[in-house]
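# Descriptive analysis of the structure
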Amino acid sequence: DRFVKSITVLKEESVLEFFQGEFDPSLIKIYVEKANEKHENINVTMEMIKTDLTKLVVGQNTIMCEYLLDANNSTEPYKFFITITIKEKVDPRFTYRADQLNLNYYIDGYMGNDEIVNLPATYNGKPVIGVLDSAFLNNQTLKVVNIPEGYTTIETAAFYQCPNLVSIYVPSTVKSIGDYALNGIRTIFLGGTINPNWSNKWFDEKASYV
């Protein structure tokens, strides 16, 4: 009488979609019909999920779950799979431009007024790999900027004339920095060594870097 006749995944929400980093299994219910015709509505819990949730990516994902048929016998769970879609949160403060092959994106503008800004690593499920010419030019509120690993370029005057910007982190993946890109920033934290391909005018003489 413990034989499962069928399992149906019910969507308490309209669709099985979640924002990246916000997967909530409690929004999913399973409908279990056993061979003895007993029906059960069960909430999915973290204990039932046997998939590494840290590996969920933007797009469709399949997660495996185990439903324990008998509380006294944990060696015979019923395995089933749920397909969910992970959606990326789009930060409206940034504007983007795609490369010619539409494989990567670059930041070409910023419309926020935050003091601390962490640049996005992805957009539309694709990598963001650079900051374009004058993208943050004349921003009056920025104080700290963190650029994630994976960025390869910071173009001319990207952060030029930002009077309150005192600290920026430049990852080791950056291969090119244009003229005056980080001019005026007092402390520049480098994830790697200075690249000889960077412009010789990428920062001013008053800056210090670590």
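Use the structure listed above.
Everything in this summary refers to the structure shown in the same document. Given the structure is predicted, the values throughout are model-derived calculations rather than measurements. (Residues numbered from 1 in each chain as written. Predicted model: local features only at pLDDT ≥ 70, side-chain atom pairs only at ≥ 80, totals over all residues. Heavy atoms only, no water.)

It is worth spelling out the overall build of the chain at this point. Of regular secondary structure, the chain possesses zero helices and 17 strands. Relative to its length of 210 residues, the chain is extended, with a C-alpha radius of gyration of 25 Å against a globular reference of 17 Å. Projected onto its principal axes, the C-alpha coordinates of the chain cover approximately 80 × 35 × 30 Å. When the 210 residues of the chain are sorted by exposure, 37% land in the buried category. Taking the intrachain contacts of the chain between residues at least 6 apart in sequence as the baseline, contacts between residues at least 24 apart amount to 37%. Of the accessible surface of the chain, which amounts to about 11900 Å², a share of 49% is contributed by carbon and sulfur atoms. (Helix = DSSP H or I, 4+ residues; strand = E, 2+ residues; numbered from the N terminus. Rg over C-alpha atoms; globule rule 2.2 N^0.38 Å. Buried < 20%, exposed > 50% of the residue type's maximum accessible area, 1.4 Å probe, protein only. Contact = heavy atoms within 4.5 Å. Areas by Shrake-Rupley, 256 points an atom, 1.4 Å probe, with all protein chains shown as cover.)

Covered by surrounding structure in strand β16 (residues 187–190) are Ile188 and Leu190 only, the residues Thr187 and Phe189 on the alternate face being uncovered. Where strand β14 (residues 167–170) meets β16, four bridges bridge the pair, whose relative direction is parallel. Across the sheet, the residue bridging to Val170 is Leu190, located in β16. (Pairing = 2+ DSSP bridges.)

Right, let's get into the packing of aromatic side chains. Inspection of the entire model under this criterion finds eleven aromatic pairs. Here Tyr96 and Tyr123 contribute two aromatic rings whose centre-to-centre distance is 3.9 Å and whose plane-to-plane angle is 15°, an arrangement assigned as stacked. Placement of Tyr96 in strand β7 (residues 94–98) and of Tyr123 in strand β10 (residues 122–123) is noted, with a sequence separation of 27 residues between them. For the pair Tyr96 and Tyr123, one class covers both residues: buried. Both rings, one in Phe136 and one in Phe159, keep their centres 4.6 Å apart while their planes meet at 15°; by these two values the pair is stacked. Separated by 23 residues along the polypeptide, Phe136 in the loop between β11 (126–131) and β12 (144–146) and Phe159 in the loop between β13 (153–154) and β14 bring together distant segments of the chain. Like Phe159, Phe136 is buried. An aromatic cluster is present here, built from Phe94, Tyr96, Tyr105, Tyr110, Tyr123, Phe136 and Phe159 joined pairwise through their rings. In this structure, Lys87 packs its charged tip against the face of Phe19, placed 4.8 Å from the ring centre. (Phe/Tyr/Trp six-rings, centres within 6.5 Å; stacked < 30°, edge-to-face > 60°. Lys NZ or Arg CZ within 6 Å of the ring centre and 35° of its normal.)

Bringing the pairing of β14 into the picture now. Relative to β14, β12 runs parallel, the two sharing three bridges. If you follow Val145 over to β14, its bridge partner there is Ile168.

Further remarks concern the environment of Phe18. Within the secondary structure, Phe18 sits in strand β2 (residues 17–19). On a C-alpha basis, the gap between Phe18 and Val58 in space is 9.5 Å, while along the polypeptide they are 40 residues apart. If sequence neighbours within four positions are ignored, Phe18 has contacts with Phe23, Asp24, Leu27, Ile28, Ile84, Thr85, Ile86 and Lys87.

Another aspect to go through is the side chain of Asn61. Mapped onto the secondary structure, Asn61 falls in strand β5 (residues 59–70). At 2.8 Å, the side chain of Asn61 and the backbone oxygen of Val57 are in polar contact. With residues near it in sequence (within four places) discarded, Asn61 still touches Lys55, Leu56, Ile82, Thr83, Ile84 and Ile86. (Polar contact = N/O pair within 3.5 Å; in protein donor to acceptor, adjacent residues only side chain to side chain.)

Turning next to the pattern of salt bridges. As enumerated under the stated definition, the model contains six salt bridges in all. Of the charged contacts, one joins Lys143 and Glu115 as a salt bridge, the two residues approaching to 3.6 Å between their closest N and O atoms. On the criterion of sequence distance, the pair formed by Lys143 in the loop between β11 and β12 and Glu115 in the loop between β8 (105–110) and β9 (116–118) is long-range, its members being 28 residues apart. The exposure class of Lys143 is partly exposed, given its relative accessible area of 35%. (Salt bridge = Lys/Arg side-chain N within 4 Å of Asp/Glu carboxyl O.)

Nothing here speaks to function; it is geometry throughout.
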